[in-house]
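# Chains, contacts and geometry: an overview
Here is what each chain is made of, one letter per residue.
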Amino acid sequence: MDLVLLPIVLLAAFLNGYGIWNDQYANSYYTTAVGSMLSNFHNFFYASLDSAGSVTVDKPPVVFWIQTAFAYVFGLHGWSVILPQVLAGIGSVLLIYFMVKPTYGLAAARISALAMATVPVVAAVSRTNNIDSMLVFTLLLGSWFLFKGSKQGSTWRILVAFGLIGVAFNMKMLQAYMVLPAFYLFYLLAFQAKWRRKIILLIGSTAVLAVVSLSWAVTVDSIPEAERPYIGSSETNSVMELAFGYNGLARLTGQQNTAGNAGMPNGMGQGNNRGNRGDLSSGPNQTGSGVPGAGQDVNAPDNDNMNGSNGNFPNGQMPNDMEMPNGRNFGGGMGGMFGTGEKGPLRLFQTELSGQASWLLPVVLLGCIAIFARLRRRNITNKHKEALFWLAWLLPVAAFFSVAGFFHQYYLIMLAPPIAALTGAGFVAMWKSYRDRVGWQAWLLPVSVLLTTLFGWYIMQVYNETIGAGWSISELIAGILVTVLLIVMLHRRHRWKQGFIIAGFMVMLIGPIYWAFTPITYGGNSMIPAAGPTGSNGMFGGAGMGMPMGNGAGDTEMPTMGGRGGMGNRNEEVDTATLNYLKEHNTGETYLFATTDYNQAAPYIIDERAAVITLGGFSGSDPVYTTEELEQLVKSGQVKYFMVGGMGGRGGNSDISDWIKEHGSEIPTSEWKTGTDSGDTDNGDTESEAGLGFGFGGQTTLYEVKL
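Each chain has its residues counted from 1, running along the sequence as written. Reporting of local features is limited, given that this is a predicted model, to residues whose pLDDT is at least 70; pairs of side-chain atoms are given and counted only at 80 or more, and all residues count toward the totals for whole chains, interfaces and linings. Side-chain figures throughout are based on the complete set of non-hydrogen atoms in the structure, without hydrogens or water.

## Considerations on helix H6 (residues 106-117)
For the record, the criterion: Only DSSP runs of H or I reaching four residues or more are called helices, and only runs of E reaching two or more are called strands; each is numbered from the N terminus. What a helix is expected to span follows from its residue count: subtract one and scale by 1.5 Å. Each residue's exposure class comes from its accessible area (1.4 Å probe, protein chains only) as a fraction of the maximum for that residue type: buried when under 20%, exposed when over 50%, partly exposed otherwise. Only heavy atoms matter for contacts: two residues are in contact if any of them lie within 4.5 Å across the pair.
Helix length check: H6 (twelve residues) gives 17 Å between terminal C-alpha atoms against 16 Å at 1.5 Å per residue, within 8%. Among the twelve residues in H6, nine count as buried, and that is most of the element. Buried residues of H6: Ala 108, Ala 109, Ile 111, Ser 112, Ala 113, Leu 114, Ala 115, Met 116 and Ala 117, and no others. On its buried face, H6 sits against helix H1 (5-17), helix H5 (78-104), helix H7 (120-126), helix H8 (132-152), helix H17 (416-436) and helix H21 (497-508).

Have a look at this one:
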């Protein structure tokens with residue numbers, strides 16, 4: 001056993017897992033789905049958002065199946081649904097170690113594992129119940145099988161490798177396919193077999209990939225709409241369309257479907273013409289439906305819902321011009337709006353993104369030069385082949401994020417494995433060239449230390465007012481000092497020479513390690529995680545991405561979006577008065593209440609395991625129910641209480657809201673809500689009055705509908 005690996009694994013466990021027990025709801029959107037999935041197999045299979053099995057979340061179910069299994073064993077808590085991602089993050093560190101070690105050696109494996117453990121976005125994402133940590137682990141597991149299968153000429157390992165990409169597709173759809181260029185290239189270069197067998201196996205592997213990828217989607221789409229949930233955020237109630245549209249091409253173009261504007265200003269009531277649900281006569285768990293609309297609000301777990309050009313703000317402008325720290329404007333359409341910088345070849349080096357995963361890119365660049373410097377046509381070794389694999393993973397992913405119209409900062413976890421692997425392999429290659437004084441290549445190591453520490457200073461100095469100038473200046477001075485020492489020692493022999501090399505690498509990690517700790521020290525964002533010293537403030541998940549709000553006096557304020565679901569969540573909590581009122585007045589109805597805002601349903605489903613219906617999925621924009629179907633629900637005695645309103649007036653289907661108001665009797669707030677005066681019918685709580693959610697407030701009203 002490598003004793004050096006143990007503290008690296010412990011560091012990863014601490015960064016990923018410390019304090020997760022304080023996160024009551026985690027990403028409440030996904031936790032609500034897990035709560036619903038625990039109730040029956042129908043909800044479990046489809047990853048239903050609500051108790052009625054009427055809407056799905058906007059992603060495939062595999063990760064939620066795993067989270068539900070953990071919740072079944074440990075109970076439904078924030079920490080129990082986060083735990084699988086914590087373990088996945090640790091597993092990724094181990095996989096990087098065991099993949100790098102056979103070819104590049106022990107030192108490279110240790111460096112790569114440490115680099116993987118301290119990539120800031122890895123730590124930020126792995127301590128939430130978002131999908132991406134499990135996605136990366138699955139892709140790395142497939143890569144491990146690919147490496148083993150290619151070296152040993154093992155057919156079954158190659159099939160498993162491509163099958164695991166198919167499993168990853170059922171976690172986050174087309175994002176899993178980002179690694180396919182690397183898989184195909186490495187297979188063709190490294191698999192030892194005659195070309196005929198190689199091509200046949202390649203075709204078979206691709207077939208396995210396709211079958212596994214599409215198994216759930218085709219199964220669900222083949223089921224009559226009346227017998228399954230509506231596919232959330234889809235235009236046509238189709239998983240296939242969701243995969244290649246909303247979760248596919250729309251990521252590149254930034255253009256989201258029109259229903260996505262339901263939760264935004266000027267977007268109310270749009271996009272509710274996407275088809276009908278099935279017959280409700282069969283009762284609960286037999287309904288078709290809809291889910292988190294393509295119009296999720298700004299706190300959506302994937303927030304993939306604003307129009308690609310201006311988010312449907314008046315005149316295309318965001319409140320108060322939405323300035324970044326140090327005067328940086330959001331700009332750049334959707335990308336800029338969520339703190340992802342301006343499109344272009346240097347996007348990953350911009351302040352908005354560089355702190356997530358880019359710290360060690362200078363080492364990767366110079367390390368690859370060292371690896372390939374001695375490459376000869378007839379002397380392509382495993383080191384070159386594996387380096388090409390990691391580059392074929394890194395470059396397409398980096399290119400995508402450089403031009404993509406819409407993504408969140410935490411998607412950059414896809415960059416972490418190749419950066420970590422190439423950091424270890426490249427640093428050791430530069431180390432050897434430096435030690436052996438191989439001409440110009442000997443200078444690569446000191447230059448990499450200097451450039452990486454300069455880049456680290458550039459990233460950190462933006463936040464000097466928050467973290468103090470000492471961190472950035474210390475890294476800069478230490479980097480320059482170590483660089484000078486390495487240059488002085490280049491042509492000398494000294495017993496401390498190796499120590500200076502190790503010190504050089506540790507100096508380069510000052511920034512990444514500090515940033516990796518920020519979700520713990522500054523608080524994290526469970527909905528849209530990101531690393532950085534302002535991560536807990538951001539509605540968009542960190543790195544200074546808190547949304548400035550006008551206070552009416554021309555000043556800019558930062559809203560507090562904490563709640564009990566982790567910083568950044570806008571969660572309701574169970575109101576005891578509401579719960580007691582609904583239970584006491586329930587006369588046999590199947591569902592405690594129905595709501596236009598999933599946030600209203602979340603705590604009752606999670607904490608109380610109550611049966612609750614969400615009428616329009618996440619944002620209220622999907623056509624989950626028609627007014628005729630609501631009437632049937634009420635007449636059949638399945639539900640009579642409807643909670644209308646919520647954050648920012650979400651509830652995109654105005655026909656549904658109008659029907660409820662027309663046929664229902666408003667219950668005075670004093671009868672069902674804590675902390676209200678008698679006769680008060682203003683149901684907005686303090687947060688609603690404060691205008692959370694871009695400053696346009698929302699109120700909650702309870703109606704009783706009897707027909």
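The rest of the description comes next.
## A look at the environment of Pro 418
Within the fold, Pro 418 resides in helix H17. Of the residues examined, Pro 418 reaches a relative accessible area of 0% and is grouped as buried. With 24 residues separating them along the chain, Pro 418 and Leu 394 place their C-alpha atoms 5.6 Å apart. Other than its neighbours up to four places away in sequence, Pro 418 contacts Trp 390, Trp 393 and Leu 394.

## Digging into the nonpolar core
Worth spelling out the cut-off: Buried Ala, Val, Leu, Ile, Met, Phe, Trp, Tyr and Cys residues form a nonpolar core when they are joined through side-chain atoms within 4.5 Å.
The biggest cluster of nonpolar side chains holds 166 residues, and the ones touching the most others in it are Trp 390, Trp 393, Met 414, Phe 427 and Ile 660. Beyond its immediate sequence surroundings of up to four residues, Ile 660 is in contact with Leu 615, Leu 630, Phe 642, Val 644, Tyr 703 and Val 705. Counting residues in each nonpolar core, the second largest holds 15 residues, with Leu 579, Tyr 604, Ile 667 and Leu 702 among its members.

## Section: unusual backbone geometry
Located in the positive-phi region is Ala 47, a residue other than glycine, with phi close to 60°. Here Ala 47 lies in the loop between helix H3 (41-46) and helix H4 (62-74). Positive phi is not limited to glycine here, since Asn 237 has a value of about 60°. Examined against the element boundaries, Asn 237 turns out to sit in the loop between helix H11 (195-222) and helix H12 (239-253).

## Observations concerning the pairing of strand S5 (residues 641-645)
Formally: Any two strands are treated as partners once DSSP identifies two or more bridges connecting them.
Of all five residues making up S5, five are buried, and the element is well covered by its neighbours. Bridge count for strand S3 (residues 593-595) against S5 is two bridges, and the pairing is parallel. Considered in S5, the bridge of Ala 594 is made with Phe 642.

## Some remarks on the pattern of salt bridges
Spelled out, the test is: Salt bridges are counted wherever a side-chain nitrogen of Lys or Arg sits within 4 Å of a carboxyl oxygen of Asp or Glu.
According to the stated counting rule, one finds eight salt bridges in the structure shown. When the shortest N-O distance is used, the salt bridge between Asp 132 and Lys 172 registers 2.9 Å. A residue pair is termed long-range when its members are at least 10 positions apart, and Asp 132 in helix H8 and Lys 172 in helix H9 (residues 155-172) qualify at 40 residues. Asp 132 sits in the buried class, given a relative accessible area of 1%. Lys 640 is paired through a salt bridge with Glu 704; the nearest N and O atoms lie 3.7 Å apart. On the criterion of sequence distance, the pair formed by Lys 640 in the loop between helix H25 (627-635) and S5 and Glu 704 in strand S7 (residues 700-705) is long-range, its members being 64 residues apart. Residue Lys 640 is classed as buried on the basis of its relative accessible area, which comes to 9%. Judged by its relative accessible area of 14%, Glu 704 falls in the buried class. Residues joined in a network through salt bridges with shared partners are Lys 640, Glu 704 and Lys 706.

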